[in-house]
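# A closer look at the structure
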Amino acid sequence: MSEPARDIPTMPPGLVMLGISHHFGRRRVLDSVDLVVSPGELVCLVGPSGCGKTTLLRIAAGLEELQQGRVLVDACVVAEPGTVVPPERRGVGLVFQDTALFPHLDVAGNVGFGIARMPADARRLRIDEVLHQVGMSDYAASYPHQLSGGQQQRVALARALAPRPRVMLLDEPFSGLDTRLREQVRDDTLHVLKHSGAAALMVTHDPEEAMFMADRIAVMRDGHIEQDGRPVDVYGTPASAFVAAFFGQVNVWQGMVRGGAVDTPIGRIAAPGLAEGTRAEVVVRPEGMKLSPGDGPVEPPVAAKVLAARLLGRSSWIHLCCGGDQPGPKEGEAGHLHFHARVPGRFLPCEGDVFAVTVDPAQAFVFPAADTK
Amino acid sequence: MTTASSTRDFAVPRRIDAWTVVALLIAVVVAAPIVVVVLSIAVPAGTIWSHLAETVLPLYIGNSLLLMAGVGIGVAVIGTGTAWLVTMTQFPGRRVLEWALLVPLAVPAYVIAYAYAALLDVGGPLQDWLRRDIGILRPDLWIPNVRSLGGAIVVLTLVLYPYVYLLCRAAFADQSTALLEASRMLGRGPARSFLTLALPMARPAIAGGIALALMETLSEFGAMQHFGVQTFVTGIVRTWQGLGEPVGAAQLAAMLMLFVLALVVIERRSRGRRRYAHGQGAYRAFTTLHLRGWHAAAAAAICAAPVLFGFVVPALALGWLIWQDPEIALATPLLPLALNSLILGAVGAAITVAVALIVAYAMRLRGGPAVAAAGRAAAMGYAIPGAVIAVGIMLPFAWIDNQVDAIMRATFGISTGLLLSGTVIAVLFGYVVRFLAVALNAVEASLTRVTPNMDGAARLLGATTWEMLRRVHVPLIRGGLVTASILVFVEVMKELPATLLMRPFNFNTLAVQTYHFAADERLAEAAPPALLVVAVGLLPVLVLARRIARARPEGNGA
């Protein structure tokens, strides 16, 4: 994946968004965002609500008027200040969160809406084809209100796919579905999208869903992309404490860099690349905490006492406290003593048990403290 | 692969948008008659204005103020009282009266005026009965003359209170039962709770309803003419047609618009403060007060009286007029009149709803301030009396006709005569100006049911804005379009002054013919077309009534 770059004469196919900035009134919701989605690639745009991800999607679709920057579809400019291709001529499909199916048309009518100019036979075939892809062949004559939420979402996907868009956009397409249905529908959606070969951009606020679906994840925060990379990179080498924290609850400590490492209640964590004496933030995933029996040969030995242990199903969640019984600083404050560990499988020690704690360096990250909010 | 600077050949540079232009154009055209009337102030009218100011102007102002005061109090008392009784109490007949209270809305004020004039005049059935059959033979027995300012106030109140009733009923039904329950728990009885809590909370609805009723009062022509009450509207017609002074009439119209403007401001402000909800589910058995014995009888009588005197009695009176002398009453064939009314109504409704759809759709597509202002300007006509609109249309139309005629005669030696004024075009234009707001409200309300994402979906599936309107919006809001058409159709059927002033020579409708007969005191002959107008007017009222009945399927009858 080449880096998106401006002022290079040749542009890659798929969806290219360059230098997108956007304001709602005085509020800046997008700040010079660059994003490239190649044909056949599925990129997930994740971030907390209000980070600008849906606005970015709507700009790509042409439903929101571009203010600054440039949008290209298959190497052709579809929006830049002063020039705009209306949404109906962009060759872009969009699956809405609320499906936005037309209630006055049956399933076949909805799916055929975007290919009205096709000859009737070809149109019929195409409708059958996409309905078959999403597993809704039997419902061609049904009306949207007769379908379940999952079925409606499948029809919405088929409708967006029917005109063979070069770019597919999906706006939180599964958030209206209940958990069990969601897994099935998103699994099917992934395969259908991959099969279509379109450049797909999906917005979600659910990091787990992004990990499930994405070839690449772009994490957004306050109108800019904090990190853009393969899921394994975004998870394994987060660019900031925000990104690290976005993929699940984490333990956070603040401290000074001394001797190339930061002192925390659970030991010294190496701080490569940080200047001596600067304030740093240490983020450790709960699954990076290794607990061993208290008397084991642990180096350096940090003892922690169990406050509570809960079984979450596939893993166990342990509340721990180190440094004795005295109430320390609160969570998030420097040097607080309460932290969490996630242990695979069933592991339920008694309250008050003491363990030695070691930290998996691959699950511990140190960032300059200025990065915190 | 192409270069980054290449733009798709169908990419269009941003330009002035067609929907915006069309919406602005419509607004300008629709607002033009009103602007003409306002601008007429600047035209020197010579002696006519000083003549009017010296003779009739104080009378017009005084009568208008008295009418507004009388009708305002009347509709407020009847409207809020009946609304409270049907929403907050249970008594026999409540469910029927709840919608029946709307029925007088179907009776145009001029029709009820003719009916009561026929009923109560010397020689009418009531006086006959009192003097001859009851035996009160004294000829000097004083019976208040219905053809008076007081009579006008009473008959207008009887057909206009439903505006207040309708808004108040919705407001009461919408009020939180929890608040009223709290008031009851804090020791206030139902009557005091109503006066200190429900009534103040419903104030915006009451004010809005009164404002609408008073707008109708100010625009009323037929009833005032028949009762000999001189108001701005009768003055406009007299100055224009009797004195042949169109500019003087326009200036009177401009003065009348000052009154209207005040009402519009009141109505707008009240609308901002009340929520449009039809109180689903906010209705619980606990707060409804079960009336028994004479309380129940009194409540039923209070709610039945407006229906009786606003609809049943005048309808019976008109029927009685026909029954008395059917040969004379039915001498005039109704079919041509009805056909004219039907054609005007149908064409007027079609044009008005089409224009409303364009404006509402443009407002939906383009949220800019220019389009929003266009929408407001287009909806202005609902407050403007038909006579004022007629003046505002006929003045420029006559001028255009004269100019065209002069040019044609000078260049080709042909006289084109009247092209616009005195044609059906002028009448239809007047209807669009006057009733666009009615259609716009109905269309806008149904458009809100099409979600913005459906627009997005249609656009991304390749539909242009025009195709989207045809393939998505129109099919989805078909019901709303039909409702809007019915509303405008009925308004056109009932409309008197605008039709009367602008219609082509000898082109008569049911309303116009009713007026002509009544003006000649041939009330028996006026009765059949009047009854027909009332029958058509019942249509939208029944639609409304059905909506009310459906909103409360659980309405546990007493």
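Everything below is about the structure printed above this text.
Below is a short write-up of the structure. Along each chain, residues carry numbers from 1 onward, in the same order as the chain's sequence is written. Going through the entries in the order they are written, you letter the chains from A and number the ligands from 1. Restriction of local features to residues with pLDDT of at least 70 applies here, the model being predicted, together with a cutoff of 80 or more for giving and counting side-chain atom pairs; totals for whole chains, interfaces and linings are based on all residues. The basis for the side-chain values is all heavy atoms of the structure; hydrogens and waters are excluded.

All names here are of chain A. Per the convention used, a helix needs a DSSP run of H or I reaching at least four residues, while a strand needs a run of E reaching at least two, with both numbered from the N terminus. Here Ser 315 is to be found in strand E18 (residues 315–322). Each residue is placed in one exposure class: buried if its accessible area under a 1.4 Å probe, protein chains only, is under 20% of its type's maximum, exposed if it is over 50%, and partly exposed if it falls in between. On the basis of relative accessible area, Ser 315 is assigned to the buried category, the value being 10%. Contacts were defined at the residue level, with two residues in contact if any of their heavy atoms lie within 4.5 Å. Setting aside chain neighbours within four positions, we find Ser 315 in contact with Arg 310, Arg 342, Val 343, Pro 344 and Gly 345.

Below, the discussion takes up the pattern of salt bridges. Salt bridge criterion: a side-chain nitrogen from Lys or Arg within 4 Å of a carboxyl oxygen from Asp or Glu. For the structure on display, the rule yields 27 salt bridges over all chains. Across the pair A:Asp188 and A:Arg154 runs a salt bridge, and its minimum N-O distance is 2.9 Å. Remark: A:Arg154 occurs in helix H4 (residues 149–161) and A:Asp188 occurs in helix H5 (residues 179–196); sequence separation between them is 34 residues. A salt bridge links B:Arg522 to B:Glu525; its shortest N-O distance comes to 2.8 Å. Residue class for B:Arg522 comes out partly exposed when judged on its relative accessible area of 36%. Counted as one network, the salt bridges with shared partners bring together A:Glu41, A:Arg216 and A:Asp228.

Moving on to the nonpolar core. Among the nonpolar cores identified, the biggest contains 217 residues, and A:Leu15 and A:Leu169 are the most heavily contacted of them. For this core, the element with the highest residue contribution is helix H19 (residues 424–447) of chain B, accounting for 15 residues. The domain boundaries here were taken from an automatic or database domain assignment. A domain split of this core shows at least three residues from each of domain 1 (17–53 + 350–483) and domain 2 (65–229) of chain B. Apart from the residues within four sequence positions on either side, A:Leu15 is in contact with A:Leu35, A:Val36, A:Val37, A:Ala60, A:Val71, A:Leu72, A:Val73, A:Val167, A:Leu169, A:Ala199 and A:Leu201. What makes a nonpolar core is a set of buried Ala, Val, Leu, Ile, Met, Phe, Trp, Tyr and Cys residues whose side-chain atoms join them at distances within 4.5 Å. In this structure, A:Ala158, A:Ala162, A:Val192 and A:Met213 belong to the second largest nonpolar core, which totals 44 residues.

Here the focus is the interface of chain B and chain A. Facing the 30 residues of chain B at the interface are 46 residues of chain A. When two components associate, each loses some accessible surface as probed by a 1.4 Å sphere; the sum of these losses over both components is called the buried area. For the pair chain B and chain A, the summed buried surface comes to about 3200 Å²; carbon and sulfur atoms form 59% of the total. As a salt-bridge pair, A:Glu88 and B:Arg459 come within 2.6 Å of each other at their nearest N and O atoms. Residues adjacent in sequence count toward polar contacts only when both atoms are side-chain atoms; beyond that, a polar contact is any pair of N or O atoms within 3.5 Å, and within protein one must be able to donate a hydrogen and the other to accept it. At the junction of chain B with chain A, the criterion picks out five residue pairs in polar contact (both at pLDDT 80 or more). Counting residues per element, the ones that place at least two in the side of chain B that touches chain A are strand E1 (12–13), helix H20 (452–460) and helix H21 (465–476) of chain B. Three classes are used, and their members are as follows: Ala, Val, Leu, Ile, Met, Phe, Trp, Tyr, Cys and Pro are nonpolar, Asp, Glu, Lys and Arg are charged, and the others, Gly among them, are polar. A breakdown of the residues in the side of chain B that touches chain A according to their chemical character gives 15 nonpolar, ten polar and five charged.

Residue and element names in this part refer to chain B. Counting buried residues along helix H24 (residues 510–519), eight of its ten residues qualify, which places the element largely inside the surrounding structure. What H24 keeps buried is the set Leu 510, Ala 511, Val 512, Gln 513, Thr 514, Tyr 515, Phe 517 and Ala 518. Once H24 finishes, Glu 521 follows within two positions and takes phi at roughly 60 degrees, a positive value.

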